[in-house]
Structure formats: C-alpha cells, structure tokens
Amino acid sequence: MSDPDEDLKLQMRTLLDSAPGVTVEDAIRSAGGGRVGAHRARLAVVSVLSVLFVAGALLAVVVLRPSSPGSRSPRPTSSTIGATYHPRSALAEQLDQIAINAAAAAGDPGIQSVTWVATTRGRANALMDDVTTGCSGQPPGCSTDADAHIYVLQIQGFFTPRNVSVPSTLAPMDRHGHTCIVCGTAEQFIVSAATLEQTGGAVDSQLVDLSLLGKPETDSLVGLKPDQ
Amino acid sequence: LNEGSDEEEFREFVIGTERRLLRALTAAYGDQRGHDATAAALGFAWEHRARVLAMDNPVGYLFRVGQSSVRHRRARPVFERPSEQERRIEPGLTAGLASLSTRQRLAVMLVFGDEWTHAEVAELMGVDRSTVQRHLERGLVKLRKALQVSENE
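Basis of the calculations
- Every chain is numbered on its own, with residues counted from 1 as its sequence reads.
- Here every chain gets a letter starting at A, and every ligand a number starting at 1, in the order they are written.
- Local features in this predicted model are restricted to residues of pLDDT 70 or higher, and side-chain atom pairs are both shown and tallied only at a pLDDT of 80 or more, whereas totals for entire chains, interfaces and linings draw on every residue.
- Only heavy atoms go into the side-chain values, all of them from the structure, while hydrogens and water stay out.
- Only runs of H or I of at least four residues qualify as helices and only runs of E of at least two qualify as strands under DSSP, and these elements are numbered from the N terminus.
- Contact criterion: two residues are considered in contact whenever any of their non-hydrogen atoms come within 4.5 Å of each other.
- The buried label goes to any residue with under 20% of its type's maximum accessible area, the exposed label to any with over 50%, and the partly exposed label to all in between, with areas taken from a 1.4 Å probe on protein chains only.
- Note on areas: these come from Shrake-Rupley sampling with a 1.4 Å probe, and a residue is covered only by the protein chains present in the view.
- In this scheme, a helix's expected span is set at 1.5 Å multiplied by one less than its residue total.
- The definition of a polar contact used here is a pair of N or O atoms within 3.5 Å, where within protein one atom must be able to donate a hydrogen and the other to accept one, and adjacent residues in sequence count solely through side-chain atom pairs.
- Defined in terms of a 1.4 Å probe, buried area is the accessible area two parts forfeit on being brought together, summed over both.
- Salt bridge, as used here, is a side-chain nitrogen of Lys or Arg placed within 4 Å of a carboxyl oxygen of Asp or Glu.
- The patches described consist of residues with a relative accessible area above 30% and no salt bridge, like charges being joined within 9 Å and nonpolar side chains (Val, Leu, Ile, Met, Phe, Trp, Tyr) within 5 Å.
- How sure the predictor is of each residue is captured by pLDDT, a score from 0 to 100.
- Two strands are counted as paired when DSSP detects at least two bridges linking them.
- Centres within 6.5 Å are what make two rings of Phe, Tyr or Trp a pair, Trp counting through its six-membered ring; a difference in plane orientation under 30 degrees is then read as stacked, over 60 as edge-to-face, and the rest as tilted.

Regarding its fold elements, chain A presents seven helices and six strands. Taken from N to C terminus, the helices and strands of chain A fall in the order α-α-α-α-β-α-β-α-α-β-β-β-β. Residue pairs at least 24 apart in sequence account for 74% of intrachain contacts in chain A once pairs closer than 6 positions are excluded.

A count of helices and strands for chain B gives eight helices and zero strands. When the elements of chain B are put in sequence order from the N terminus, they spell out α-α-α-α-α-α-α-α. Counting over 153 residues, chain B shows a buried share of 51%. The contacts of chain B with a sequence gap of at least 6 include a subset with a gap of at least 24, amounting to 65%. Approximately 8,000 Å² of chain B is accessible, and the part contributed by carbon and sulfur atoms is 46%.

On to helix H8 (residues 129-147) of chain B, then. Helix length check: H8 of chain B (19 residues) gives 26 Å between terminal C-alpha atoms against 27 Å at 1.5 Å per residue, within 8%. Packed against the buried residues of H8 of chain B are helix H1 (4-16) of chain A together with helix H5 (93-98), helix H6 (102-113) and helix H7 (118-125) of chain B. Where H8 of chain B ends, the next residue or the one after it, Gln 148 of chain B, has phi of about 60°, a positive value.

What follows is about the side chain of Asp 108 of chain A. Residue and element names in this part refer to chain A. Take Asp 108: it is sitting in the loop between helix H5 (90-105) and strand S2 (113-120). On the basis of relative accessible area, Asp 108 is assigned to the buried category, the value being 1%. Looking at Asp 108, its side chain comes within polar contact range of the main-chain nitrogen of Gly 110, at 3.1 Å.

Of the residues lining the interface, 46 residues belong to chain B; the matching set on chain A comes to 30 residues. Here chain B packs against chain A, burying approximately 3,500 Å² in sum over the two surfaces, 65% of which is carbon and sulfur. For the interface between chain B and chain A, the tally reads four salt bridges. In this structure, the connection of chain B to chain A is made through six residue pairs in polar contact (both at pLDDT 80 or more). Top contributing element to the side of chain B that touches chain A by residue count: helix H2 (residues 31-47) of chain B, with 11 residues.

In this section: a nonpolar patch on the surface. A grouping of Val 45, Val 48, Leu 49 and Leu 52 of chain A is seen on the molecular surface, where their side chains present a nonpolar patch of about 380 Å² in accessible area. In this structure, Leu 52 of chain A sits in helix H3 (residues 35-63).

Next up on the list: the side chain of Gln 188 of chain A. Position of Gln 188 of chain A relative to the elements: it lies in strand S4 (residues 184-192). Looking at Gln 188 of chain A, the relative accessible area reads 3%, which means it is buried.

What follows is about unusual backbone geometry. For Leu 196 of chain A, which is not a glycine, the phi torsion comes out positive at approximately 60°. As for its position among the elements, Leu 196 of chain A is in the loop between S4 and strand S5 (198-204). With a relative accessible area of 21%, Leu 196 of chain A lands in the partly exposed category. With a phi angle near 60°, Glu 115 of chain B is a residue other than glycine that sits in the positive phi range.

Further remarks concern the confidence of the model for chain B. Residues shown with low pLDDT carry predicted positions that ought not to be read at fine detail. Confidence along chain B averages 85 in pLDDT terms, with 84% of residues attaining 70 or more. Within chain B, helix H1 (residues 2-29) of chain B has the poorest average pLDDT of any element, 87, and H7 of chain B the best, 94.

Let us now look at the pairing of S4 of chain A. Residue and element names in this part refer to chain A. The buried fraction of S4 amounts to nine of the nine residues, a majority that puts the element mostly inside the structure. In terms of strand pairing, strand S3 (residues 149-159) meets S4 through eight bridges, oriented antiparallel. Residue Phe 159 lies in a different strand from S4, and its bridge partner there is Gly 184. Here S4 pairs with S5 via six bridges, running antiparallel. In the strand pairing of S5, Glu 187 is matched with Val 203.

In the structure shown here, the tally under the stated rule is four aromatic pairs over all chains. Relative to Tyr 151 of chain A, the ring of Trp 116 of chain A lies with its centre 5.8 Å away and its plane at 90°, an arrangement referred to as edge-to-face. With Trp 116 of chain A in strand S2 and Tyr 151 of chain A in strand S3, this pair connects stretches of sequence that are 35 residues apart. Across the pair, exposure class does not vary: Trp 116 of chain A and Tyr 151 of chain A are buried alike. Within the aromatic cluster, the residues linked to one another by ring pairs are Phe 10, Phe 13 and Trp 46 of chain B.

We now examine the confidence of the model for chain A. For chain A, mean pLDDT is 72; residues scoring 70 or higher make up 66% of the total. Within chain A, the element-level pLDDT minimum falls on helix H4 (residues 78-81) of chain A, averaging 38, and the maximum on S2 of chain A, averaging 89.

Here you go:
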C-alpha cells in the first residue's frame, strides 16, 4: 500500500517539472524587450498619464477659479463672483431679502444670487465711488463714519433703476430693446450693519471684486420672492 | 572577447540557478506564467549581470524580479495536466493548489513536494523560517481538505 503523502509529493514534483526550462538563449532574448521591460514601459505610461491627469485637474481648478471683476455674465454663480455658497444664516436671510427687493425695484426680480461682504465704510469708499457708498437722503442709522460697519451687496442682472435723470439721447437700451435711463448688469449697494437699512447703491456694467473688502459670501436666491 | 567571457560566466550562473528559480516561480504562478517569469527574471539578470552575479542570494532577488513581471496580471496559477503517459495526477490537486495563497503554495510545493529546507524557502521569500512553517502547516491543512484526505489516510 503506497504512502499518500509520498504519492502527493511525487505528483507535486511532476507539476513542478511540467514548466518548460529556460535556456541562456531564452534569457538573453527576453532581456530588454521581455516582460520586465514591458512592465516598466506600462509603468512609465501610467506615470505619464497620472502626471497629465493631475496637471489637468490643476488647470481646471485655475480656469474655474473666481473670475475677475468686470465679467459680464448676466447670471452670476458662486464661481463667477468669488465666493462660495454656504448655509443661510439669519443675517444672510435678511440680506438675501434686501437683495431680491432691490433687484425687483431695479427691474429684475429674477436674479439668481447675491454676493455680500462685511466691511467698513472707509474701505468701501476706497474701492467704490461716493455715489455708491454715500448716505443718500440720510436714512436713519446712516453714517459717514469711515469705521462704520456695513455690508456691501452685489447682484447681477438687467437693472433699470428709477428716479434717475439722464437725457434720453444718452440712455442705452435695455434687454427688451427699450430705452432705459440707466442700464447695467451689476448693482452694488450698501447696507448699514447697525440698522440693515440700504444707504447707497449704484448700477454699473462692471462687477466689483468684493474680495478686496473681505471674505465674500454668495447666497442663492432661487425661489426667493421680493416683498410686496 | 569580454562579451564571450560574460556569456560563459552567465551560462554557468543560469545552470546553477535556473532550476530552483523556475520551480519557485512555477510553484507560485503555475507552469506557463512561472516559465514566463523565469525568462523575464533571467533576462533581467543578463542585463544586470555584473550586479546580480555578485549577489549573496541571487535566486531570492530574481524570484522577486520574476514576481514583479507577472504580479500585475491577476490570474490564478494554472498547472497543465500532464499527458496520460506521464504520472497520474489527482484530479483535485491542481485546483486545490490554486486555492492556496501564493506563500502557502510556495511552502507546500517547495518544502513538502520538492524537499527544499525551511531556510531555503525563507531566504527565497524574504521571511523567517517560522513563517514558512506556518504557511506550510496551513497550506497542507487546506490542501488536504480540498482533496478530502486526512493525514493518516
């Protein structure tokens, strides 16, 4: 009777002997162009592709970075205004409502977002003109104090503010082809941090880079209705 | 003259190492891939002969070179069944061996099947002898279970 272990060993040896031998000539032939070479070539290709992928991703980040002020896109997004969307705080909700009301008053209730930044009147004055930051009509809480805390809001759309006198010959056309008094695709206005009252504003065709005043925030206004 | 001398030295090296390297890589990856891996490893040895021939453990080093050449191709080891004229192979043996981990299969086939010492396999695999023993024991248990035989049978 045969030993099963010995039988198993013999079978394994048979299997080990089943591979054809490798001669010196085989080895020299496989050198360089052999599987190790092919494997290295594949690794090189994978490495190059990885580098290209990373470079492409970096390029995409650079291209999709916030655009410079002056962009004329009629519908702003978070990436075109220079801020990120964030959960709406109670303050943001109030500023959002102010923005949608101001947009509706300026003739475009369909704006998609608002970008705002907390800053001081002095810093805003340095960046924007006096008309924008001035306390027109001196509403309660308005202050010309350079250290007064304010919020600068910026919206983008098609705006035709009322109560502005401009000769009709100078008036440009609005999006419907009608003459408008002052047309613009960007509006900036100032809100007092103390009273949340609007204290100034201007329509322009150029966006202001609010990141020069602080860290801007952008809120979506989709679904928000202006107050009646 | 140098090229001829190099080739002669390399030929002696291949005669001394090819069988062990081929058996180790066959145990790990099956006969066809084991053959390919051995050819790739010896091709590498020819390219870097000055360095490889001076090594203390060239078989262990070339074993890892051979592993690198086939590792990216995920496939179970395949042992072709010998022809009828050759020794009879238990029907479940090749599948049973394929079901072991590579290290278990190396320990079982080389220590148990080909009478390598634990130290030789440990040197090849770059592990200590107790690890080889553990792989051997677990591999044999698994293989016997696959073959439905007991140690005393």
